Amino acid sequence: MSKALDGVRILDFTHVQSGPTCTQLLAWFGADVIKVEKAGEGDATRGQLRDVPDADSLYFTMLNHNKRSITLDTKNPKGKEVLNTLIKSCDVLVENFAPGALDRMGFTWEKIQELNPRMIVASVKGFGPGPYEDCKVYENVAQCAGGSASTTGFDDGPPLVTGAQIGDSGTGLHLALGIVAALYQRNTTGRGQKVLAAMQDSVLNLCRVKLRDQQRLDRTGLLKEYPQFPDSKFGDAVPRAGNASGGGQPGWILKCKGWETDPNAYIYFITQAPVWGAICKVIGQEDWITHPDYATPAVRLSRLKSIFDRIEAWTMTKTKFEAMKILNEFDIPCGPILSMKEIAEDQSLRATGTVVEVDHPKRGKYLTVGNPIKMSDSLTEVVRSPLLGEHTDEVLTELGYGLEAIAALRTEKVV
Ligand code: CAO
């Protein structure tokens, strides 16, 4: 079967997490991704958070599937020659170096355009143009600067970063979309272009409902679906909303049977308006269906805390899975709080290829997250990440280098 991006060749200069997430997705869609790594060193994450001595870390293996790896000293004149050839033969260069690093290497946009006017140059940077454009950025910096941390957590606690890597993997996703759009536009213009995804911008894009709420707060002084309503005062910025649901259907995390010993014995419960009657019946509070204090979403808003306390008295009598089963019979939206252990063992996620077991020559079998985007005509097969420089000879041969030339590059430590 063919793949969506068959024939697209990516010069992958990415490292750590944000850029590699992007190029891994492109590889899963069928692009030939050639990861260029520093000779002798490789991507720093190969050695970070190691759990098996001398084997590439899970951090690296889980972000670099389906790629080829070549090593190259791009600061060496002969390495630059190899890079020139690679640029001429690839469609997209993806990088997430610190600001200015590609220019300092001698590969400015102008130079790349001269070598290959069809090349798309795609970058992740921490910030777009502005006061912080020269800063190096990691995940949590982006979560803080993009509005996520100030709006996450509880009212009486400090700002909180989330476990979801919205700064790194979130930006990688944004960049992948930009690259595919640029490839599409190139079909008509014949030209490459620059694609930039800034981590602050990507986090903010994912936090757009909080910018919505900022403007509602500015106008009305209140956010009635927030837990601060009606008892606490609102300040001038969107407060942390705890576990309140972001939309117009109030929700909260409630304890289930076993919560005293199991930190994940909880369920997310949404009091969706159309199923209010069913909720009341399930928890045995049928009088609330018509009671003037509870009958409509508007009157319920000022009583959400006591409503969720009452629902919790019911959820605490059931395990999260028992509660899920009963609530789903009545179409009441809810979700179990799943631990990573439960997710790793979930057979339905294995069946869809969302959780995949991969074999690696140095570390043996490990679990990874497969392609979350499923396409009917472009299936994803997850292939283990490459060892450092595993494909150097293969790629150099494809570029026209003979055995002697490759040996010379190796002797001079260019590859
Ligand atoms: N051969 C020779 N030199 C190479 C090379 C190669 N194959 N590949 C990279 N280099 C050089 C670069 O040219 C750069 O050299 P100079 O500093 O002399 O110009 C150097 O290696 C280091 O690059 P870097 O500054 O990008 O790396 P760092 O570890 O210092 O910083 C990071 C890491 C992530 C903070 C920074 O790259 C960054 O801010 N990137 C943009 C934002 C981003 O993607 N952050 C997410 C990271 S995931 O959490």
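About the thresholds
Residues numbered from 1 in each chain as written. Predicted model: local features only at pLDDT ≥ 70, side-chain atom pairs only at ≥ 80, totals over all residues. Heavy atoms only, no water. Near = heavy atom within 4 Å. Polar contact = N/O pair within 3.5 Å; in protein donor to acceptor, adjacent residues only side chain to side chain. Areas by Shrake-Rupley, 256 points an atom, 1.4 Å probe, with all protein chains shown as cover. Nonpolar A, V, L, I, M, F, W, Y, C, P; charged D, E, K, R; others polar. Helix = DSSP H or I, 4+ residues; strand = E, 2+ residues; numbered from the N terminus. Buried < 20%, exposed > 50% of the residue type's maximum accessible area, 1.4 Å probe, protein only. Pairing = 2+ DSSP bridges. Axes fitted to C-alpha atoms, helices over the stretch in contact; angles between N-to-C directions.

A. Just the site of the ligand, in detail. Residues in contact with the ligand amount to 24 residues; listed here are only the nearest, Lys75, Ala98, Lys136, Val137 and Asp168. The separation between a nitrogen atom of the ligand and a polar main-chain atom of leucine 72 is 2.8 Å. Relative to its free-state accessible area of 940 Å², the ligand is covered by the protein chains to the extent of 83%. Here the residues of the shell around the ligand sort into 10 nonpolar, six polar and eight charged.

B. Structural context of unusual backbone geometry. The omega torsion of the bond from phenylalanine 229 to proline 230 falls at 5°, within 30 degrees of zero and hence cis. Tracing the chain through its elements places proline 230 in the loop between helix H9 (208-220) and strand E7 (251-255). Phi is positive for valine 16, close to 60°, though the residue is something other than glycine. Following the sequence through the fold, valine 16 ends up in the loop between strand E1 (9-13) and helix H1 (18-28). At aspartate 331, a position not held by glycine, the phi torsion is positive, near 60°. For aspartate 331, a relative accessible area of 60% gives the class exposed.

C. Just the pairing of strand E10 (residues 355-360), in detail. Sheet analysis places E10 next to strand E11 (residues 364-369), joined by six bridges and oriented antiparallel. Looking across to E11, one finds that glutamate 357 is bridged to leucine 367. Counted along the chain from E10 to the antiparallel partner E11, the turn is three residues long.

D. Examining the environment of glycine 190 more closely. Inspection of the secondary structure assignment puts glycine 190 in the loop between helix H7 (169-189) and strand E6 (194-198). Among the residues examined, glycine 190 registers a relative accessible area of 29% and is labelled partly exposed.

E. Representation of the sheet that holds E7. The antiparallel open sheet is built from three strands, whose spatial order is E7-E8-E9. Only two strands of the sheet have a single partner each, and these edge strands are E7 and strand E9 (334-336). Across this sheet, the average inter-strand angle for adjacent strands is 20°, counted without regard to direction. Examined bridge by bridge, strand E8 (residues 266-270) and E9 share three bridges and lie antiparallel to one another. Counted as the bridge partner of tyrosine 268 is glycine 335 from E9.

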